[in-house]
Amino acid sequence: MIENNKALQLEVAELMVQALNLDTSANEIDPDAPLYGDGLGLDSIDILEVALVISKRYGLQLKADSENNHEIFSSLHNLTSYVAANKAS
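Described below are features of the structure shown in this document. (Residues numbered from 1 in each chain as written. Predicted model: local features only at pLDDT ≥ 70, side-chain atom pairs only at ≥ 80, totals over all residues. Heavy atoms only, no water.)

What about the side chain of N69?
Assignment of secondary structure puts N69 in helix α3 (residues 69–72). Other than its neighbours up to four places away in sequence, N69 contacts K63 and A64. (Helix = DSSP H or I, 4+ residues; strand = E, 2+ residues; numbered from the N terminus. Contact = heavy atoms within 4.5 Å.)

In structure tokens:
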């Protein structure tokens, strides 16, 4: 299961890099660093873009007004955990 999450985490990171044209590779994203601000430095528009590609790729519903968004998008690790738990099979 842990290997699957590592593979999924890399896949999610690669989706983020591609969607946002980041100047970093997927492997360089610290899974526990914040996605906002001092970590990866994403803003709310970036997070919306990430939510869109994640929703399309994994068949998830990520709603802009969800109270869980702050937690879900707090780090790559949390986002990957959410995707693993909620993706369409």
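Concerning the nonpolar core
Formed by 23 residues in total, the largest nonpolar core has its most connected members in V12, M16, I54, Y58, F73, L79 and V83. Looking at this core, the element that brings in the most residues is helix α1 (residues 2–20), giving seven residues. Not counting residues within four places of it along the chain, the set of residues in contact with F73 comprises L35, Y36, I47, V50, A51, L62 and L79. (Core = buried A, V, L, I, M, F, W, Y, C linked by side-chain atoms within 4.5 Å. Buried < 20%, exposed > 50% of the residue type's maximum accessible area, 1.4 Å probe, protein only.)

Description of helix α2 (residues 44–58)
In an α-helix, one full turn covers 3.6 residues, which means residues spaced three or four apart are oriented alike. Relative to the 21 Å expected for 15 residues at 1.5 Å per residue, α2 spans 21 Å between its end C-alpha atoms, a close match to the ideal helical length. If you check the start of α2, you find a side-chain oxygen 3.1 Å away from the backbone N of I45, and it comes from D43. Positive backbone phi, at 65 degrees, marks G59, one or two positions downstream of α2. (Expected span 1.5 Å × (residues − 1). Polar contact = N/O pair within 3.5 Å; in protein donor to acceptor, adjacent residues only side chain to side chain.)

Regarding helix α4 (residues 76–86)
Within the sequence span of α4, burial applies to L76, L79, T80 and V83. Seen from one end, α4 has its buried residues packed into an arc of 100 degrees, which puts them on one side. (Arc of directions from axis to C-beta.)

Take it as geometry only, folks, not as evidence of what the structure does.
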